[in-house]
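Residue-level structure breakdown
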Amino acid sequence: MSAVLDHHDAHGHDHDHHAPTGWRRWVFATNHKDIGTLYLLFSFTMLMIGGLLALGIRAELFQPGLQLVNPQLFNQLTTMHGLIMVFGAIMPAFVGFANWMLPLQIGASDMAFARMNNFSFWLMIPAAIMLVASFFMPGGAPAAGWTLYAPLTLQMGPSMDAGIFAMHILGASSIMGSINIIVTILNMRAPGMTLMKMPMFCWTWLITAYLLIAVMPVLAGAITMTLTDRHFGTSFFNPAGGGHPEVYIMILPAFGIVSQVVPAFARKKLFGYASMVYATGSIAILSFVVWAHHMFTTGMPVTGQLFFMYSTMLIAVPTGVKIFNWIATMWKGSMTFETPMMWAVGFIFVFTIGGFTGLILSVAPIDIQMQDTYYVVAHFHYVLVAGSLFAMFSGIYYWLPKWTGVMYSETRGKIHFWWSMISFNITFFPMHFLGLAGMPRRYADYPMQFADFNAIASVGAFAFGFAQVYFFVAVIIPAMRGKGQPAPQKPWDGAEGLEWEVPSPAPFHTFENPPKLDATATKVIG
Amino acid sequence: MSTTKKTLHSLRHRWTALRNAGSMLALGAGAWVSAAAQQVKDLPGGPAVNQLNFAPPATRIAEEQHWLHWFMMGICAVIFVVVFGVMFYSILKHRKSVGHKAQALPEPIWVELGWTIVPLLIVIGMALPATKVLVAQKDTTNADVTIKAVGMQWKWGYEYLKGEGEGINFLSTLDNSHRVMSSSGKPEATDDYLLKVDNPLVVPVGKKIRIITTANDVIHAWMVPAFGVKQDAIPGFVRDTWFRAEKVGDFYGQCAELCGKEHAYMPIHVKVLSAEDYSAWVAAEQKKLAAKADDPSKVWNLADLVKRGESVYAANCQACHQANGKGAGPIKPLDGSALVVDADKAKIINVLLNGQNNGAMPAWKQLSDTELAAVMTYAKNSWSNKTEQIIQPAEVLAARK
């Protein structure tokens, strides 16, 4: 700590702008760009770990019978795959994007609370270690599903406690991150950057951050009750199933990224900016009243089922508005299809499929057939992998030149896109059929009539996994080592926003003095 | 109906060819894709090979669900074609490479209002028929037969509470040979693989059957796709659902809520019989019950009790503790266990009645006094355990509170 203070003292005296170097730069990082990089690398690591677990699942399910893992380990794999992907990969990746881009997009010098920012990142490391290490604890990792079903949680070994503690820490980290984002956006915008002139990515994160602050304490409360049920004999969980509003948190920033990429490559302004903001807000508000749509089979009263069915179906409306707005943005544009645009269009296509299956699932009588089957697995992978992950890839290719100062290889980006897109669909499309036929999820072995679709899904899953390794080796590593064409300040001629007003790579300190903006708040004029 | 069947049939043929080619391609060694699975045939009332849609409905509710699903699929397909028709048209025509120049569009308020209100109307149009089916689905009144289904790790217990057959109760467990096949990693081609139980639930055709669900340990879910029924079975709560089977036959389902390690091994098999057959079954079952009703005051000799205990062990204990009594991983061994050979019988009786380690070893109080006495006596006198101790059913009865 003293090193940081010393450094800052020196900084104060000689007004020297050199960046800290070596391990201190990262461990004591207070710079939003460094912390953003840390978040992104961390989440990619977790994506790989979670992916390995998924491949373990798919390898076991490749054919009927137990060949590789026993059913207990299988349940650990499915549980940990879910926890790691949701809390270790998707959430931190979006926070990484927020760290890198929010200050640049609103013309701020850094995040509002730079040291809290450091803390909320480094808190995640012990949490992640604890989560992953739970595999090596007596009794193995938690195996009660990523939604931690009570009272099954009571039967878990000590790893369940480690898991709960890890979630507490991650929750604390998320809350700090959210406070930081809200304060940054509300207080640190450059003069002239009014709320309704902010880029969509800022808007979606502002709303997401509020959602996170509302949701995280509830989650922490629920898992604390699980903890005391396990150890102090309380019985908070007379079980009634589990809701998880997390899913909407994981998609809103994805909407934000796509809303930036589509206009840039259509060379037009985003169609219906205001309605996009309102639609995001509506989705956030509705997400609070749809939580029980995961519980149609728990036997809630008919009025309850009707309420949650209607409210869930309603969420399709603002989601539809977003898709229409993106397509209207493309309409009569002058489109080019560099890799970020490919991912954005791919996102719209597969996310819409996930939206349709979500609409079908929201119809309670049909949901009775599909709840807890592979149809649900297919649905949320279309929304979360094809939705969140594909949008993030879009964002990475879009901003990578700004982050690293070099252009990625367009050929490699396209290979990554098509390889992922095709193998993703090979993996998850057959799961719709499995679910319709009634194959329950979280099954280590299954009736033989389901064998072929499972085999296809497994082959697809391995291909999808290797596509992401290819992405890291062929795109990320060269970019981080500075290999490639030097990137111009604004590599995309249709792109707008303050991040393109600073050089590539973005210097260590940007907008140290509030910039003077033009009327649209997209250009610096002084 | 028959034409759709024919189309489906031909589709399936084509698909089979495609699948074989596909698996050869995918692996280079097609034979490896579970040669066994290739010979599997459709299971009537259960899953069909590479089934693409819901199971053929056997109840009105399931039929309504089918219809609703097609209805929704139809609307979604139309929206899909329209929306992506527009998008891909735009992608093809409005690109820079064909010289298209960007034109700003006006943003009149009616556009935004229109594409908010129209989807809203479509959603309402979808909700109306769904509401009708939902209400019918939840109406569990006026049942002819009421059966309680109790989820346990990892089997189903059925008790006929009301109507013809009242008083019948039994446990329904996966055929152990299937569990063994599963563990072997090389299951043989079996049409009802993982779906075969020792005692199927038997119900009469055309009668309203109300299923009351609850559970002993953790949440389970009782599901039969052909009936369009799925209901969570929650410990400490009572929930219900219903079905009226329209045809006789066998129907299959599986536990649909994560319930621990043997989650995949607690299937549901419902046998629907004609009214006469059902009456005959009830009569036979009641006779059996009377004969089987073990008198807990009967005094057994060691050999008979151990023999009885062996079958109780195979049906209830073997999945975890293994046939050799050595357990596995976190499952404690019985062979050589201090608790099992302890001269104080009260200890082992207590564990079986109340469970241990927060339910990691579940309570087995649903078994009869004779079954419990038999299985404990078996454990005390098997493998390397040679205690010669006998636990009589009366002792178990006395230990129950």
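See the structure above.
Residues numbered from 1 in each chain as written. Chains lettered and ligands numbered in written order. Predicted model: local features only at pLDDT ≥ 70, side-chain atom pairs only at ≥ 80, totals over all residues.

1. Quick notes on the overall build of chain B
- Scanning chain B from terminus to terminus reveals 12 helices and 10 strands.
- Going through the 401 residues of chain B one by one, you find that 38% of them count as buried.
- Nonlocal contacts in chain B, meaning residues at least 24 apart in sequence, comprise 65% of its contacts between residues at least 6 apart. (Helix = DSSP H or I, 4+ residues; strand = E, 2+ residues; numbered from the N terminus. Buried ≥ 20, exposed ≤ 12 C-beta atoms within 10 Å, placed from the backbone. Contact = placed C-beta atoms within 7 Å.)

2. Re the interface of chain A and chain B
- Taken together, the contact pairs 82 residues of chain A with 97 residues of chain B.
- Contributions of two or more residues to the side of chain A that touches chain B are made by helix H4 (71–106), helix H12 (302–314), helix H13 (316–330), helix H14 (339–362), helix H15 (364–370), helix H17 (410–436) and helix H18 (451–480) of chain A.
- For the side of chain A that touches chain B, a count of residues per class yields 50 nonpolar, 24 polar and 8 charged. (Nonpolar A, V, L, I, M, F, W, Y, C, P; charged D, E, K, R; others polar.)

3. With respect to unusual backbone geometry
- The omega torsion across Ser504 of chain A and Pro505 of chain A is -10°, close enough to zero to call that bond cis.
- Geometrically, the link from Gln153 of chain B to Trp154 of chain B is a cis peptide bond, its omega value of -5° lying close to zero.
- Within the secondary structure, Trp154 of chain B sits in the loop between strand E1 (145–152) and strand E2 (155–162).

4. Structural notes on the sheet that holds strand E3 (residues 169–172) of chain B
Residues and elements named next belong to chain B.
- Across the sheet, 5 strands lie side by side as E3-E2-E1-E5-E8; this open sheet has mixed pairing. Each of the sheet's edge strands pairs with one partner strand only, and the pair in question is E3 and strand E8 (239–243). Between one strand axis and the next, the sheet turns through 25° on average, direction left out of account.
- The sheet contact formed by E2 and E3 spans 4 bridges and is antiparallel. Of the residues in E3, the one forming a bridge with Tyr158 is Phe170. (Pairing = 2+ DSSP bridges. Axes fitted to C-alpha atoms, helices over the stretch in contact; angles between N-to-C directions.)

5. Considerations on the packing of H14 of chain A against helix H3 (residues 60–93) of chain B
- Where H14 of chain A contacts H3 of chain B, the axes come no closer than 10 Å and their chain directions differ by 165°. With respect to each other, H14 of chain A and H3 of chain B are oriented roughly antiparallel. Regarding H14 of chain A and H3 of chain B, the two cross each other, and that crossing is right-handed. Where H14 of chain A approaches H3 of chain B, its residues Val345, Phe356, Leu359 and Ile360 of chain A are matched on the opposing element by His69, Met72, Cys76, Phe80 and Ile91 of chain B.
- The residue inventory of the contact of H14 of chain A with H3 of chain B, partitioned by class, reads 8 nonpolar, 1 polar and no charged. (Parallel < 35°, antiparallel > 145°, perpendicular 65-115°, else oblique. Left-handed = near helix turned anticlockwise from the far one by under 90°.)

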